[in-house]
Protein chains: 2
Amino acid sequence: MSPLSADSQLGVARTVKALRARVDAWRSSGQSVGFVPTMGALHDGHLSLVRMAARLSDRTVASIFVNPTQFAPHEDFSSYPRNEAQDLEKLQSSGCHLAYAPPPEQMYPPGFQTSIKVEAVSQGLCGESRPHFFGGVATVVCKLLNQVRPTVAVFGEKDFQQLLVIKRMVRDLDMPVEIVGAPIVREADGLAMSSRNAYLSTDERATAGKLNKIISSMADRLSEGADASDVLNDGRMALESAGVSRVDYLEIRSETDLTPVLYGPIDPAIPARVFIAAIVGKTRLIDNWPVRRA
Amino acid sequence: MSPLSADSQLGVARTVKALRARVDAWRSSGQSVGFVPTMGALHDGHLSLVRMAARLSDRTVASIFVNPTQFAPHEDFSSYPRNEAQDLEKLQSSGCHLAYAPPPEQMYPPGFQTSIKVEAVSQGLCGESRPHFFGGVATVVCKLLNQVRPTVAVFGEKDFQQLLVIKRMVRDLDMPVEIVGAPIVREADGLAMSSRNAYLSTDERATAGKLNKIISSMADRLSEGADASDVLNDGRMALESAGVSRVDYLEIRSETDLTPVLYGPIDPAIPARVFIAAIVGKTRLIDNWPVRRA
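Please read all numbers here as calculations on a predicted model, not as lab measurements. (Residues numbered from 1 in each chain as written. Chains lettered and ligands numbered in written order. Predicted model: local features only at pLDDT ≥ 70, side-chain atom pairs only at ≥ 80, totals over all residues.)

**Some thoughts on the overall build of chain A**
How we decide: Here a strand is any run of E in DSSP of at least two residues, a helix any run of H or I of at least four, and the numbering for each starts at the N terminus. Within these notes, the globule rule equals 2.2 Å times the number of residues to the 0.38 power, and the radius of gyration is based on C-alpha atoms. Any residue with 12 or fewer other C-beta atoms within 10 Å of its own C-beta is exposed, any with 20 or more is buried, and the rest are partly exposed; the C-beta atoms used are placed from the backbone. By the criterion used throughout, residues are in contact when their C-beta atoms, derived from the backbone, lie within 7 Å.
Within chain A, the regular secondary structure consists of nine helices and ten strands. A globule of 294 residues ought to have a C-alpha radius of gyration of about 19 Å, and chain A, at 20 Å, matches this closely. The principal-axis extent of the C-alpha atoms belonging to chain A is close to 55 × 40 × 40 Å. For chain A, with 294 residues in total, the buried portion stands at 45%. Taking all contacts inside chain A whose residues are at least 6 apart in sequence as the whole, residues at least 24 apart take part in 71%.

**Points about the packing of helix H6 (residues 133-148) of chain B against helix H7 (residues 160-172) of chain B**
Helix-helix packing: each pair is described by the crossing angle between the helix axes and the interaxial distance. All names here are of chain B. To be explicit about the condition: With axes taken as lines fitted to C-alpha atoms, and helix axes fitted only over the stretch in contact, angles between N-to-C directions fall between 0 and 180 degrees. For classification purposes, angles smaller than 35 degrees are called roughly parallel, those larger than 145 roughly antiparallel, those between 65 and 115 roughly perpendicular, and all remaining angles oblique. Put simply, a crossing is left-handed when the front helix is turned counterclockwise from the back one by less than a right angle, and right-handed when it is turned clockwise. Gly is placed with the polar residues, together with every amino acid not listed as nonpolar (Ala, Val, Leu, Ile, Met, Phe, Trp, Tyr, Cys and Pro) or charged (Asp, Glu, Lys and Arg).
The geometry of H6 relative to H7 is characterised by a closest axis approach of 10 Å and an angle of 50° between their N-to-C directions. In terms of axis orientation, H6 runs oblique to H7. Where H6 crosses over H7, the handedness of that crossing is right-handed. Between H6 and H7, the contacting residues are Phe134, Val137, Ala138, Val141 and Cys142 on the first element and Gln162, Val165, Ile166 and Met169 on the second. Split by residue class, the contact of H6 with H7 holds eight nonpolar, one polar and no charged.

**Focus: the domain arrangement of chain A**
Residues and elements named next belong to chain A. Put simply, the test is: Domain start and stop positions are those given by an automatic or database domain assignment.
Under the domain assignment used here, chain A contains domain 1 (11-182) and domain 2 (195-289). Centre-to-centre separation of domain 1 and domain 2, based on C-alpha positions: 26 Å. Taken together, the contact between domain 1 and domain 2 spans 13 residues of the former and 13 residues of the latter. Of all the elements in the fold, those that place two or more residues in the side of domain 1 that touches domain 2 are helix H5 (126-129) and helix H7 (160-172).

**Section: the relation of the copies chain B and chain A**
Here the second copy of the chain follows from the first by a rotation about an axis and a shift along it. We count it as follows: The atoms used to superpose the copies are C-alpha atoms, taken from residues with pLDDT of at least 70 in both, and the fit is least squares.
It takes a turn of 180° to lay chain B on chain A, together with a shift of 0.0 Å along the axis; the resulting RMSD is 0.0 Å. Both copies of the chain, as the preceding transformation shows, are related through a two-fold rotation axis. Across chain B, the rotation axis passes nearest the C-alpha of Ile116(B), at a separation of 2.3 Å. Looking at the interface residues of chain B, 100% of them are also at the interface in chain A, so both copies use one shared face.

**Remarks on the sheet that holds strand S10 (residues 283-290) of chain B**
All names here are of chain B. The line we're drawing: DSSP bridges decide pairing: two strands pair if at least two such bridges lie between them.
Here three strands make up an open sheet; going across it, the order is S8-S9-S10 and the pairing antiparallel. This sheet does not close on itself; its edge strands, each paired only once, are strand S8 (246-254) and S10. Direction aside, the axes of adjacent strands within the sheet are offset by 10° on average. By the bridge criterion, eight bridges tie strand S9 (residues 272-280) to S10 in an arrangement that is antiparallel. Its bridge partner lying in S10, Ala277 is registered against Ile286. Helix H8 (residues 202-223) rests against S8, S9 and S10 of the sheet, and its axis sits at about 25° to S10.

**Quick notes on the interface of chain B and chain A**
Between chain B and chain A, the contact holds 22 residues from the first and 22 residues from the second. If you list the elements that add at least two residues to the side of chain B that touches chain A, you get strand S5 (114-118), H6 and H7 of chain B. Ranked by residue count, the leading element in the side of chain B that touches chain A is S5(B), at five residues. Taken together, the residues of the side of chain B that touches chain A break down into ten nonpolar, five polar and seven charged.

**Some remarks on the environment of Leu145(A)**
Residue and element names in this part refer to chain A. When you line up the elements, Leu145 lands in helix H6 (residues 133-148). Residue Leu145 is classed as buried on the basis of its 23 C-beta neighbours within 10 Å. Separated by 32 residues in the primary sequence, Leu145 and Val177 place their C-alpha atoms 8.0 Å from one another. Setting aside residues up to four positions removed in sequence, Leu145 forms contacts with Pro150, Ala153, Met175 and Val177.

**Notes on the confidence of the model for chain A**
Quick note on the threshold: The predictor rates its confidence in each residue with pLDDT, a number between 0 and 100.
Per-chain confidence: chain A averages 95 in pLDDT, with 97% of residues scoring 70 or above. In this model residues 1-6 of chain A is a low-confidence stretch, pLDDT under 50, and it forms nine contacts with partners more than four residues away in sequence or in other chains.

**Some thoughts on the sheet that holds strand S6 (residues 152-156) of chain A**
Working definition: the strands of a sheet are paired by backbone hydrogen bonds and lie parallel or antiparallel to each other. Residue and element names in this part refer to chain A. Judged by pairing direction, the sheet is parallel, and its six strands sit side by side in the order S1-S4-S3-S2-S6-S7 without closing on themselves. Sheet topology places strand S1 (11-13) and strand S7 (178-182) at the edges, where each strand pairs with a single neighbour. Here the average twist between neighbouring strands, direction ignored, is 25°. Bridge count for strand S2 (residues 33-38) against S6 is two bridges, and the pairing is parallel. Residue pairing for S6: Phe35 is matched across the bridge by Ala153. In the packing of helix H3 (residues 84-93) onto the sheet, contacts are made with S1, strand S3 (59-64) and strand S4 (98-100), and the angle to S3 comes to roughly 165°. Along the sheet, H6 contacts S2, S3, S4 and S6; its crossing angle with S2, the most-contacted strand, is approximately 150°.

**Some details on the packing of helix H8 (residues 202-223) of chain A against helix H9 (residues 228-241) of chain A**
Residue and element names in this part refer to chain A. Look at H8 against H9: their axes get within 10 Å of each other, and the N-to-C directions meet at 160°. Relative to H9, H8 is oriented roughly antiparallel. Classified by chirality, the crossing of H9 by H8 is right-handed. Residue-level contacts link Ile214, Met218, Arg221 and Leu222 of H8 to Ala228, Val231, Gly235, Ala238 and Leu239 of H9. For the contact of H8 with H9, the per-class residue count stands at seven nonpolar, one polar and one charged.

**Some thoughts on the pairing of strand S2 (residues 33-38) of chain B**
All names here are of chain B. Threshold: When the strands point away from the viewer, a crossover counts as right-handed if the route from the first strand across the helix to the second turns clockwise.
Of all the six residues making up S2, six are buried; the element is thus mostly covered by neighbouring parts of the structure. Burial of the side chains of S2 extends over both faces: Val33, Phe35 and Pro37 are buried on one face and Gly34, Val36 and Thr38 on the other. When S2 meets strand S3 (residues 59-64), the two strands line up parallel, connected through six bridges. Its bridge partner lying in S3, Val36 is registered against Ala62. Taken together, S2, helix H2 (residues 44-56) and S3 constitute a β-α-β crossover, and its handedness is right-handed.

Here you go:
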C-alpha cells in the first residue's frame, strides 16, 4: 500500500505528454511506479492486479485501451464492453493514482508501421485460433511500457500465454521493467473472471462454471501420476457432457516455455499447467490450472 | 563538449549490468547521455557521430557489436573487419566516455525469439536485396537503446534508410530517446567513408570515388528541374562507364517516407534524395545525396 494514499484523487491522462508529466514527476522524486494495462470493463480480476501493483510500488497507473490490433475482423472489437465512468470509479477505490485512457489516434497515429513478434511462445494455444493476437498484444504492451515507463507491471495469469509472451519480449528487448504475474480471480463457483462473462446467458453461465472444475480435476489426476493422454481424453468427454459448444483447445503444457505434454505421467521437475479455451454459446472463454507438484 | 572531460579515461562494459551501473550513475546525477551504436572498424565517419553525441550530451557511450542477425548467410559477417584495440583508442580520443562491447551471448541468450518489423520504410532500396537486414537492425537497435537508455542517439545519414527505420520505430514504439541524423563524412575525392572501403583494390577504389560525383550531379540536375527518368537513365549510363560491376539500385526518393520519384521534375515542396547501392569488384557500397531545394 502506498504511504502517499492521502493524495488519493484519481488523475486521468489522455495523451502521452500528460501521462509522462505525471509519471516523470513521481519518478524524479524517487517514487516507484506500478502499472496495470487493461482493456477496461474492469472486474475484480483487474482490480486485484491494481491492488498488487499498489503493494509493489509507490504510485499506480492503470491504462484503459481497447486495442484494435489484437482483434481479428470477425472478433468482438466493436461490441467489446466499454464503460469508462464505472472503470474510473473502480480504479479510484482500488488505490490507483492515475488512469491512462488514450484515444486510438494517440496510440496509432497516421504512418504507424512497427510490429513486434515473439516467435515460439506465441505459437499454439490462443496463437493457433487467433494468429494476429499476440503480435498485436506484444506491440501495444511495448508501447504502453515505453509510454508509462513503470518500475513494475502486473499481468494476470488468466492470460497465461500472454504473460509468457510479455515476459519473453521484455527480456529479449532488455526493457527496463519487472513483469509480475498475478493469480486468477474466480467467481464463487470457480469461473475465472472475464469481461466476456457478461455475454453469457443463464444457461451458458451454468456451463461456464464447470470449466474450472474439469481442468482442476485434470490437474489433480496429473499430479497423482495419471497418463496425460488419458487425462486429456477424459477431459474432452467431460467438456462435451458439460454442454460446451466447441473446445478450441484443451492442452497440458510446460509453464515456462509452453512445451506440450501429450502422453505419459508429468515430469515432476517441470512445472506444468492445463490450458483450456472453449466456446460456450457464442462466447470464447479461457482458463488454466497449475499441476500441483509433489 | 562535456564539461566533465577531465574524467576522460574510457571505460569498457561487456555486460548489460556493467553498462547500466555506469549509465544509471550518470543519469541519477542529472547528466544526459548520448549514444552511438557501431559495428566497430571505426573510421572518421563513426567518430564524427561520437563527437556530435558528445556535443549534444554530458556523457557519451558507443557500442561495438557486429550484429549477426543483420547479415544473410552469404554476406560478410565472419570477414567483417574487427579491431577492438584500435577502435577503443579512437573512441577515447574522440571524447567517448564508455565503450559497450558485449559478446554475442549477452545480446542473444538461449531462447531469444523476439523481432521487430518496421513495415513501409524497410521496403525497397536496401530492403530489396537484403530482406532480413532492417528487421535485424531494428531489433538490435531497440535492444541497445533499452540497454543504454540514452537521452539522444546519433545515426549517420550514410545509412539513410536505416536512420528512417530507427526514427519510425522509436516514434511508433514511444521509445523515450531522441534520434539525430548526422551528415555523411567523405574521403578527399568524395567517397563516403565505410568500413567496407577497406575491401577495395586500387582500381576498385578509383571507381568507388566516382559514385558520389555521379549522384551529386544527378541531384544538381534534379534541383534545376530536369526530368527524373532522364536523370536516372543518364546516371545508370555514367555508372556503367565508371566501371561499376553491378548497380543494385539507383533511385530518387522522398527523404521523409521514401516514396519513389520515377519521372517528371521534382516537386520542390518534397525533400528528395538520390540513393545508390553499387557493387564495385565484390564490395557493395551505398551512398545518397540530397536534392538542393530552390
